[in-house]
Amino acid sequence: MNTAGHSPATARRGLDLTPFRGLRYNPERVGSLAAVTSPPYDVVVRPDGLHHLQSADPHNIVRLILPQAGTPRARNEQAADTLRRWLSEGVLTTDPEPGLYVYEQRNGDGMLQRGLIGALRVSDPAEGVVLPHEDVMPHVVADRAALMRATCANLEPLLLTYRGNGQAAAATVVVERTAEQPPLLSTTTEDGFSHRLWSITDPADVERIQKDLAEHQALIADGHHRWATYRCLRAEHPSPSPWDYGLVLLVDTARYPLRVRAIHRLLHGLPVADALSALDGLFRVRRLDLPLAQALEDLADAACAGNAFLLAGDGAFHLVDRPDPDLLARTVPADRPAAWRTLDATVLHATLLDHVWRIPEDSPAHIAYIHDTVATVEKAERDGGTAVLMHPVREEVVRDLARQGVTMPRKSTSFGPKPASGLVLRALDI
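If you're wondering where the values come from, they're calculated on a predicted model, not measured in any experiment. (Residues numbered from 1 in each chain as written. Predicted model: local features only at pLDDT ≥ 70, side-chain atom pairs only at ≥ 80, totals over all residues. Heavy atoms only, no water.)

J.: When you look at the packing of aromatic side chains in this model, what are you seeing that I'm missing?
T.: Geometry of an aromatic ring pair is reported as the spacing of the ring centres plus the angle between the planes. Under the counting rule described, the total for this entry stands at three aromatic pairs. Pairing Phe 20 with Tyr 101 gives two aromatic rings, centres 5.3 Å apart and planes at 55 degrees, and the pair type is tilted. Of this pair, Phe 20 sits in the loop between strand 1 (17-18) and strand 2 (23-25) while Tyr 101 sits in strand 4 (residues 100-106), placing them 81 residues apart in sequence. Assessed through its relative accessible area of 0%, Phe 20 is described here as buried. Looking at Arg 255, its charged tip hangs above the ring of Tyr 256, at a distance of 5.3 Å from the centre. Between the NZ or CZ atom of Arg 336 and the centre of the ring of Trp 340, over which it lies, the distance is 4.4 Å. (Phe/Tyr/Trp six-rings, centres within 6.5 Å; stacked < 30°, edge-to-face > 60°. Helix = DSSP H or I, 4+ residues; strand = E, 2+ residues; numbered from the N terminus. Buried < 20%, exposed > 50% of the residue type's maximum accessible area, 1.4 Å probe, protein only. Lys NZ or Arg CZ within 6 Å of the ring centre and 35° of its normal.)

Next comes the structure, spelled out in structure tokens:
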């Protein structure tokens, strides 16, 4: 049994990252590694995205992370059956010894990100080790938990960041020395990113990394629902067990800064005309007959001066800014720090969704959260809904709020690049 843990006497107060025996695709049994990877489960957004990935290779990872069947139970059983079949057929194989994995992503724009994939001890927010910055939706946590129970696996790593000591940090020294060696795998996905993976199995190197990380706390950059799922499943299993740990990618943003992008909203059943008419006298609204890129520039300019949003779905863009101060005073909770009260996401949820448009934020029938800007606009235009395009918040704002124990409205940020799903998995029964 892979407990991937330490005894309570040796548990660290900081980040506790533990080696594990990774499950990886056998290159001889799949068309290509690129063809079996996928974005994280919640980023498969384009209209034909799921079908495209399923068609890319019969063994694409979406068949595990987004199984398709008539009921939730059938979907989860299908994923579990698929995982067992791929293991028995040798499509997925287990690495011979436990390791921490160095993961690198690089693109043609000069973006380079390296981090460590391992099994991280699951902790509660009160411990101050892993800091959430967003609320979660219970139905999504329940969905992910059911899938993990059925497959008995962590199918994709969530993304955590920490602030190390830069290039001289012990973990970074090991990571960069490892990245000079031939990788276990190398592939380039259709988004132009190259991906490389190495394994660190030397006990001395593992200990150096663990000692370094034990001095740090991490911010959840992407994967709040999966982290909440880890906590839920840990509570279901007596400790010690494999469920005490969860699969993560840890990136030192002092060495490899991430990009922070917004997550947009698609409001089903609310035509743009109705959305705009409800704003009369409450916000300033300006129609922009501009291409998307230029409209986003205008949004960025407006966001520098205060809360601003870009509405789309009727063939044009509408810049919404300068909210009525009295409206904000009535609708935004006053018991939070000023940095939280002035967030665009706060004003969107507390003022626009709750008060003006009266749209429940946790109802998939009324609202969708989409990372891709173009996809959000296209879906709104096709379905007759309203796209609400957001301007990203700065990472330091996110981290400062998280350290105060203040969570942002759900789906407030999109850190990236996100790890590709399908490069390494963690089985909890091996």
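Read on for the rest.
J.: Even after reading the chapter, I still don't get the sheet that holds strand 19 (residues 386-389), so can you show me in this structure?
T.: Pairing within the open sheet is antiparallel, and its six strands lie in the order 15-17-16-19-14-18. Both edges of this open sheet fall to strand 15 (284-288) and strand 18 (367-370), since each of them pairs with a single strand only. Pairwise comparison of adjacent strand axes, ignoring direction, gives a mean angle of 25 degrees for this sheet. As paired strands, strand 14 (residues 264-267) and strand 19 are joined by three bridges and run antiparallel to one another. Across the sheet, residue Leu 267 finds its bridge partner in strand 19, namely Thr 386. This element, helix 10 (residues 292-305), spans strand 15, strand 16 (308-312), strand 17 (317-321) and strand 19 of the sheet and lies at about 155 degrees to strand 16. (Pairing = 2+ DSSP bridges. Axes fitted to C-alpha atoms, helices over the stretch in contact; angles between N-to-C directions. Contact = heavy atoms within 4.5 Å.)

J.: Help me understand helix 14 (residues 373-383), please; the structure alone is not making it clear to me.
T.: Residues spaced three or four apart along an α-helix face the same direction, because each turn holds 3.6 residues. If you check which residues of helix 14 are buried, you get Thr 373, Ala 375, Thr 376, Val 377, Lys 379 and Ala 380. Buried residues in helix 14 make contact with strand 14, helix 10, strand 16, strand 17, strand 18 and strand 19. Sitting at the amino-terminal end of helix 14 is Asp 372, which places a side-chain oxygen 3.2 Å from the backbone nitrogen of Val 374. Looking at the residues trailing helix 14, positive phi occurs at Gly 384, about 80 degrees. (Polar contact = N/O pair within 3.5 Å; in protein donor to acceptor, adjacent residues only side chain to side chain.)

J.: Even after reading the chapter, I still don't get a negative patch on the surface, so can you show me in this structure?
T.: A surface patch of negative charge is lined by Asp 314, Asp 372, Glu 378 and Glu 381. Here Glu 378 lies in helix 14. (Patch = residues over 30% accessible without salt bridge, like charges linked within 9 Å, V, L, I, M, F, W, Y side chains within 5 Å. Areas by Shrake-Rupley, 256 points an atom, 1.4 Å probe, with all protein chains shown as cover. Salt bridge = Lys/Arg side-chain N within 4 Å of Asp/Glu carboxyl O. Lys, Arg positive; Asp, Glu negative; His and termini not counted. Charge placed at Lys NZ, Arg CZ, Asp CG, Glu CD.)

J.: Help me understand the packing of helix 5 (residues 138-151) against helix 8 (residues 224-236), please; the structure alone is not making it clear to me.
T.: Helix packing geometry: the angle between the two helix axes and the distance between the axes. Running from N to C, helix 5 and helix 8 cross one another at 60 degrees; their axes reach a closest spacing of 9 Å. Of the possible angle classes, the one that applies to helix 5 and helix 8 is oblique. The way helix 5 lies across helix 8 gives a crossing that is right-handed. Contacts between helix 5 and helix 8 involve Val 140, Val 141, Arg 144, Ala 145, Met 148 and Arg 149 from the former and His 225, Arg 226, Ala 228, Thr 229, Tyr 230, Cys 232, Leu 233 and Glu 236 from the latter. When the residues that make up the contact of helix 5 with helix 8 are grouped by side-chain class, the tally is eight nonpolar, two polar and four charged. (Parallel < 35°, antiparallel > 145°, perpendicular 65-115°, else oblique. Left-handed = near helix turned anticlockwise from the far one by under 90°. Nonpolar A, V, L, I, M, F, W, Y, C, P; charged D, E, K, R; others polar.)

J.: I tried to follow helix 5 on my own but got confused; where do I start?
T.: Over its 14 residues, helix 5 runs 20 Å from end to end, which matches the ideal 20 Å to within 8%, given 1.5 Å per residue. Along helix 5, the residues classified as buried are Val 140, Val 141, Arg 144, Ala 145, Leu 147, Met 148 and Thr 151. Projection of helix 5 onto a plane perpendicular to its axis shows the buried side chains occupying an angular sector of 160 degrees, all on one side. Those residues of helix 5 hidden inside the fold are in contact with helix 3 (62-65), helix 4 (72-89), strand 7 (153-154) and helix 8. Looking one or two residues beyond helix 5, the residue adopting positive phi is Cys 152, at roughly 55 degrees. (Expected span 1.5 Å × (residues − 1). Arc of directions from axis to C-beta.)

J.: Can you help me understand the packing of helix 6 (residues 170-178) against helix 7 (residues 203-213) in this one?
T.: Between helix 6 and helix 7, whose axes approach to 7 Å, the crossing angle comes to 140 degrees. By the angle class used here, helix 6 and helix 7 are oblique. The two elements helix 6 and helix 7 cross, and the hand of that crossing is left-handed. Here Ala 170, Ala 171, Val 174 and Arg 177 of helix 6 lie close against helix 7, whose contacting residues are Asp 205, Arg 208, Ile 209 and Asp 212. Split by residue class, the contact of helix 6 with helix 7 holds four nonpolar, no polar and four charged.

In short, geometric facts, not functional conclusions.
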